[in-house]
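# Observations on chain architecture
The lines below spell out each chain.
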Amino acid sequence: MAKSLSNAPRILPLPEPGSARQLLRDLWVLAKARVVSLLVFTAAVGELLAPATLSHWPAALAGLVGIALAGGAGGVLNQIVEPDLDQHMRRTHGRPLANGRIGRSGAIVYALILMSLAIAILAIWTNPLTLVLTLLGTVGYGVVYTLYLKPSTPWNIVWGGLAGALPPLIGWTAVTGQLAALPVVLVALIFVWTPAHFWPLAIYCRRDYAQACIPMLPVTHGVDRTRREVVRYALATWAVSMIPALLNRDWIYGAIAFGAGAWFVVMALRLQRMAIDADMDRYARRLFAFSISYLFLIFTALLLGKAAVSYGLV
Ligand code: HEM
Ligand SMILES: CC(C)=CCC/C(C)=C/CC/C(C)=C/COP(=O)(O)OP(=O)(O)O
């Protein structure tokens, strides 16, 4: 008896409907806060790689808060546009707009508040370039990807991914006010990582996407083609991830990026070779989860490499 209880999934008590806790939880989900946390982390790394970050700490802090708020606004815009789609997918039907716990006008007000705060903070404490790049991120994801690309082309996320790739550059410009090669390479890295991040999820959610008439690649071109593309983008990610090692002559980062990228490619190849069954769906889920850990690891490695150089360890 005790054994079966210990094996049971841990179920957290749900907040009372209509309670303040439920509202906070809904606002958190509407802003896609978990995705935004990784966006903010990549922006923070962009800032810490820039020269003299600490002497520009107000701009650095404002940059992170601005990206968090603007990224959150993008997430809310996305859910304002597609409550009908969210209702039809198992993964998303519990979202607050999709199931009616929050109304459309409430969500619009929430998005406006987040966006106004982001614009004010970035305008006061950072610089025009950072503000423009951040606006491009929000509009690119919340409007261009959600409204136009997602419902019309299977290559939606390749171009939509550009918006989510911008944070390291935004972090860098918040501190320096200028573009530079290293953060542009980091944008390229997230750009090529995004399809290898998303398509494994699209594979195991393909039936939901088909039912909702969203032309994701596994729906329009099939699972085999999508798995080939995941391998190609994982390889591209591996290749682009080596550029910062060469630019910075940073062999600590280089070794970690080489190992993690190789693992990414091996997992993508394994997915490609599997029979199309429930085990493959489970493995695609693992690859999706791995893609998130991968990006976190790679960006942590960039910091480790810089710290090692700063403290004269290499
Ligand atoms: C257009 C590009 C992208 C697409 C289409 C995409 C798609 C997705 C989807 C569908 C999910 C599942 C979300 C859910 O179940 O609520 C997800 C989760 C996630 N994505 Fe992405 N993503 C993109 C870009 C990014 C970027 C650029 C980052 C960070 C740098 C990122 C980080 C994450 C994280 C951390 C999660 C896990 C969220 C959780 O655990 O709830 N994604 N992504
Ligand atoms: C300011 C700035 C840099 C903004 C970044 C924009 C941003 C929040 C990018 C993340 C992309 C994302 C969560 C995609 C989810 O895809 P989806 O919307 O198709 O997934 P869903 O089916 O879960 O809604």
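Here is a short report on the structure shown in this document. (Residues numbered from 1 in each chain as written. Chains lettered and ligands numbered in written order. Predicted model: local features only at pLDDT ≥ 70, side-chain atom pairs only at ≥ 80, totals over all residues. Heavy atoms only, no water.)

Let us now look at the site of ligand 1. The local shell around ligand 1 holds 20 residues, among which Arg-34, Arg-91, Ile-157, Thr-194 and His-197 are the closest. At 3.1 Å from an oxygen atom of ligand 1 is found a side-chain nitrogen or oxygen belonging to Arg-91. Within the contact set of ligand 1, a nitrogen atom lies 3.1 Å away from a side-chain nitrogen or oxygen of His-197. In terms of residue count, helix H10 (residues 181-204) provides more of the shell around ligand 1 than any other element does, six residues in total. Residues belonging to the shell around ligand 1 are distributed by class as follows: twelve nonpolar, five polar and three charged. When residues of the shell around ligand 1 are sorted by domain, at least three fall in each of domain 1 (24-179) and domain 2 (180-313). (Near = heavy atom within 4 Å. Polar contact = N/O pair within 3.5 Å; in protein donor to acceptor, adjacent residues only side chain to side chain. Helix = DSSP H or I, 4+ residues; strand = E, 2+ residues; numbered from the N terminus. Nonpolar A, V, L, I, M, F, W, Y, C, P; charged D, E, K, R; others polar. Domains from an automatic or database assignment.)

In the vicinity of ligand 2, 18 residues are found, and the nearest of them are Lys-32, Arg-95, Tyr-141, Tyr-145 and Lys-150. Contact between ligand 2 and Glu-82: an oxygen atom at 3.4 Å from a side-chain N or O atom of the residue. Between ligand 2 and the protein, one listed contact pairs an oxygen atom with a side-chain N or O atom of Arg-95 at 2.7 Å. Coverage of ligand 2 by the protein chains reaches 89% of its 630 Å² of free accessible surface. Those elements giving two or more residues to the shell around ligand 2 turn out to be helix H3 (33-49), helix H4 (57-81) and helix H7 (128-149). Among the elements that line the shell around ligand 2, the one with the most residues is H7, at five residues. (Areas by Shrake-Rupley, 256 points an atom, 1.4 Å probe, with all protein chains shown as cover.)

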